Every structure is written in C-alpha cells, then in structure tokens.
Amino acid sequence: MKRGREEREEETVPVKKIKIEQKVPSSSSSSHSSSLFDHLPFELQCRIFSLISGFNTPHAYLLVNRTWNLLFPQNASSLNLVKYSERIDDDILLRICMRSPLLEKITLGKRGVHLKVTQKGLAHLSSLSRLKSLNFISCELTRDTLCILAKKLEKVETMNLTWCEITDQCMESVPLFTRLKHLSLQDSPISDNGLVWLEGMHLLSSLNFSFCASITDKGVSHLIRSVKSLKSLNLSGCLEVTDVTLRQIGDNLIKLKVLHLTGCKNISMDGKNYIRSSLPDCKVYSDSNYTPFKRRIFV
C-alpha cells in the first residue's frame, strides 16, 4: 500500500514546462555574417555570384553580400572599374553588364596592370546600348573588337583610348562611332596613315594626340583642314610637329578654344604668336622645359 501511495504522489508532482524559444537573427547578426562574407577574396565573391541561378533577382544575393552592391550598383549610370581592373575577367565583366544594363559611362583598365579581360570579354560591353562614354586605359584593343562595339553602341560620344596601343589598323574602326565628339589617343603608336580615318568625322570637338610620337605635320595638317569643328586639340609631346601645323591651325580651326603644345620642341615662339594673333580666344598651354619622361614617372 505504501508503495502505491508513493507512486500516486510522484504522478501528482507538477512538471515544469520548458519553453524552447526560437531565436530570430537580429540585424546585428546578419550584418556580422555579411561582414564575414565581405572578407572573402574578391574573385571568390564574384564566383559565388556567378553560380547563383537567379541572377536576375537581385534580392537573392543582396541579402548575402553588401559589397557587391556597393562596388557595382544595380542599374548604375556610371561605373569606374580602374581600382578593380587587375581582378576583373571575362565572366565578371559579363555579370557587371547584366547587372547594370543602363550604364552610360564605364571606365576600365589601369596603367601598368595586365588586364585579364580578353577581346571576347570586351565584346560583352556591346550589350550596354545606352553607353555614351567609353574609357579604356592601357587595354589591348583590336580592330574587330572596336568594330563590334561601334555597331552596337550607337550613342557613344566620348572615347578614351589612353595607352591602348592603338595602331593604324585599329583606327579603321573609329569612324564607325558616328556620334563621336571627344577622342583621346594618348601615347598611341598611330602614324599619319591612321589620322586619315578621322577626316570624315565632322562632329569631333576635341582630340588628344599627346605623346603620339609618330604623327607629323603632314598628317595633322591634313586632318585639320577636313575637321574644322575642333574646340580642343592636344599635341603635347608630339616632337615631329612644327610651326607648319600651327599655321594650319590658325587658318582653319576658327572654333578652337584650347591648344596644348607642352613638350613640342620643334615649335618656335613665332608659331605660338601666330596662333595668338589668329585665334585670340584660344588658350595656348606650352612649356619649353617639359620633357616626356616626367609623364611616365608621375602618372
């Protein structure tokens, strides 16, 4: 009897209920996980994004990583990739183009950095139909690549090809950019033969031929007589240019407002004075003590 009574008493002992609380991740914890992801190598981050099947639904990866959104904002109008040029390859550039189809300006490449993007990768930029400004720095470009871009990018008005080793053969594709107004070919190995391709581009308002050592009076003078819409012309470091070119400039470029002649050793004071008298509203920048070697040190 005692035993039965003890068993009944044990049954009536109240049992404490244990509540199992489900922890909801706070914003601080999510930001902590996000920051951990941010510390992953850049290439690994981009590879993870490339494997996400729902790439067109940005919420899927924006919740995972904030860095991608900061570096490459969705539907951005301008994108400067100079800082990340050594890390970007064909696949990453494709993803950027998919993410920002409304881009109007893009800058890619960096002086002294080997770009991993191939000609096939650069061709991905042809999908950015709204591009107005195309800036390549120290990128390897071929005539065919420029041709592909020109056929698709009909709105391009500014093209910077600084240190891109543009040859006379590449220049054949430049006139296909029919709306081009601003062109920079700084430090390119083009010759007078390459300048011939620019003669029909009557919308050009600024040209940068600085440190194009192979161009001479013959090519520049011939170009000036056919493209009279120029407002800015940079001939700095063009050692083969003489007073002959300056007289052509003074006689033909009545709209010219800015002329750079820094480092042009074969230009005399008489030539500069001719420009000042013919084009009184034109600002002439020159420095007889300047040497092209300084440019390579301080770039």
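Everything below is about the structure shown above.
Residues numbered from 1 in each chain as written. Predicted model: local features only at pLDDT ≥ 70, side-chain atom pairs only at ≥ 80, totals over all residues. Heavy atoms only, no water.

## Observations concerning the overall build of the chain
Part 1 of the reasoning: Helix and strand counts for the chain come out as 13 helices and 9 strands.
Part 2 of the reasoning: Looking at the chain as a whole, 45% of its 299 residues are labelled buried.
Part 3 of the reasoning: Within the chain, contacts between residues at least 6 apart in sequence are counted, and of these 71% link residues at least 24 apart. (Helix = DSSP H or I, 4+ residues; strand = E, 2+ residues; numbered from the N terminus. Buried < 20%, exposed > 50% of the residue type's maximum accessible area, 1.4 Å probe, protein only. Contact = heavy atoms within 4.5 Å.)

## Observations regarding helix α10 (residues 217–226)
Part 1 of the reasoning: Among the residues of α10, those classed as buried are D217, G219, V220, S221, L223 and I224.
Part 2 of the reasoning: Among the structural elements, α9 (192–195), β6 (206–208), β7 (232–234) and α11 (243–252) are those in contact with the buried residues of α10.

## Things to note about a positive patch on the surface
Part 1 of the reasoning: Taken together, the side chains of R130, K132, K155 and R179 define a basic patch exposed on the protein surface.
Part 2 of the reasoning: Residue placement: K155 occurs in the loop between α8 (143–152) and β4 (158–160). (Patch = residues over 30% accessible without salt bridge, like charges linked within 9 Å, V, L, I, M, F, W, Y side chains within 5 Å. Areas by Shrake-Rupley, 256 points an atom, 1.4 Å probe, with all protein chains shown as cover. Salt bridge = Lys/Arg side-chain N within 4 Å of Asp/Glu carboxyl O. Lys, Arg positive; Asp, Glu negative; His and termini not counted. Charge placed at Lys NZ, Arg CZ, Asp CG, Glu CD.)

## Observations regarding the nonpolar core
Part 1 of the reasoning: With 69 residues, the main nonpolar core has F136, F209, L233 and I249 as its most contacted residues.
Part 2 of the reasoning: At the level of elements, α6 (90–99), β2 (105–109), β3 (133–137), α8, α10 and α11 are the ones that each hand at least two residues to this core.
Part 3 of the reasoning: Per-element accounting of this core gives the leading share, 4 residues, to α6.
Part 4 of the reasoning: Excluding its chain neighbours within four sequence positions, the residues that come into contact with F209 are L185, I190, L195, L198, I215, L223, L233, N234, L235, S236 and C238. (Core = buried A, V, L, I, M, F, W, Y, C linked by side-chain atoms within 4.5 Å.)

## Here we look at the pattern of salt bridges
Part 1 of the reasoning: Across all of its chains, the model carries 2 salt bridges by this definition.
Part 2 of the reasoning: In this structure, D91 engages R95 in a salt bridge whose closest nitrogen and oxygen atoms are separated by 3.8 Å. Here D91 and its partner R95 are both found in helix α6, 4 residues apart, which amounts to about one turn of the helix.
Part 3 of the reasoning: Notably, a salt bridge pairs R143 with E172, separated by 3.1 Å at the nearest N-O pair.

## Here's the deal with the state of the cysteines
Part 1 of the reasoning: What the rule picks out here adds up to 0 disulfides.
Part 2 of the reasoning: You can see C212 has no disulfide; the closest cysteine sulfur is in C238, sitting 5.7 Å from it. (Disulfide = S-S within 2.5 Å.)

## Remarks on the pairing of β3
Part 1 of the reasoning: Most of β3 sits inside the fold, with 5 of its 5 residues counted as buried.
Part 2 of the reasoning: Here β3 shows a buried face lined by S133, N135 and I137 and a second buried face lined by L134 and F136.
Part 3 of the reasoning: Sheet analysis places β3 next to β4, joined by 3 bridges and oriented parallel. Across the sheet, the residue bridging to L134 is M159, located in β4. (Pairing = 2+ DSSP bridges.)

## Quick word on the pairing of β2
Regular strands show a simple pattern: their side chains alternate between the two faces of the sheet.
Part 1 of the reasoning: Here β2 lies mainly inside the structure; 4 of its 5 residues are buried.
Part 2 of the reasoning: In this structure, strand β1 (residues 78–80) lies alongside β2, joined through 3 bridges in parallel fashion. Bridging across to β2, N80 finds its partner in T107.

## Considerations on α8
Part 1 of the reasoning: Every buried residue of α8 is listed here: T145, L146, C147, L149 and A150.
Part 2 of the reasoning: Contact partners of the buried residues in α8: α7 (119–122) and β3.

## Points about the packing of aromatic side chains
Part 1 of the reasoning: One pass over the full model with this rule turns up 0 aromatic pairs.
Part 2 of the reasoning: Positioned above the aromatic ring of W163, the side-chain terminus of R111 is 4.6 Å from the ring centre.
Part 3 of the reasoning: In this structure, R247 packs its charged tip against the face of Y274, placed 4.5 Å from the ring centre. (Phe/Tyr/Trp six-rings, centres within 6.5 Å; stacked < 30°, edge-to-face > 60°. Lys NZ or Arg CZ within 6 Å of the ring centre and 35° of its normal.)

## What to know about the layout of surface pockets
Part 1 of the reasoning: Estimated volume of the largest pocket: approximately 180 Å³.
Part 2 of the reasoning: A per-class count over the lining of the largest pocket returns 7 nonpolar, 4 polar and 2 charged. (1 Å grid on protein atoms, 1.4 Å probe; cavity = no way out; pocket = protein on both sides within 12 Å on 5 of 7 lines; lining within 4 Å. Points joined across faces, edges and corners; volume = space filled by probe spheres on them. Nonpolar A, V, L, I, M, F, W, Y, C, P; charged D, E, K, R; others polar.)

## A short note on the sheet that holds strand β5 (residues 182–184)
Part 1 of the reasoning: Taken in spatial order, the 9 strands line up as β1-β2-β3-β4-β5-β6-β7-β8-β9 in an open sheet, and their pairing is parallel. The two strands at the open ends of the sheet, each matched to only one other strand, are β1 and β9 (283–285). Recorded for the sheet is a direction-independent mean angle of 5° between the axes of neighbouring strands.
Part 2 of the reasoning: Alignment of β5 against β6, held across 3 bridges, turns out to be parallel. The partner of L183 across the bridge, within β6, is L207. (Axes fitted to C-alpha atoms, helices over the stretch in contact; angles between N-to-C directions.)

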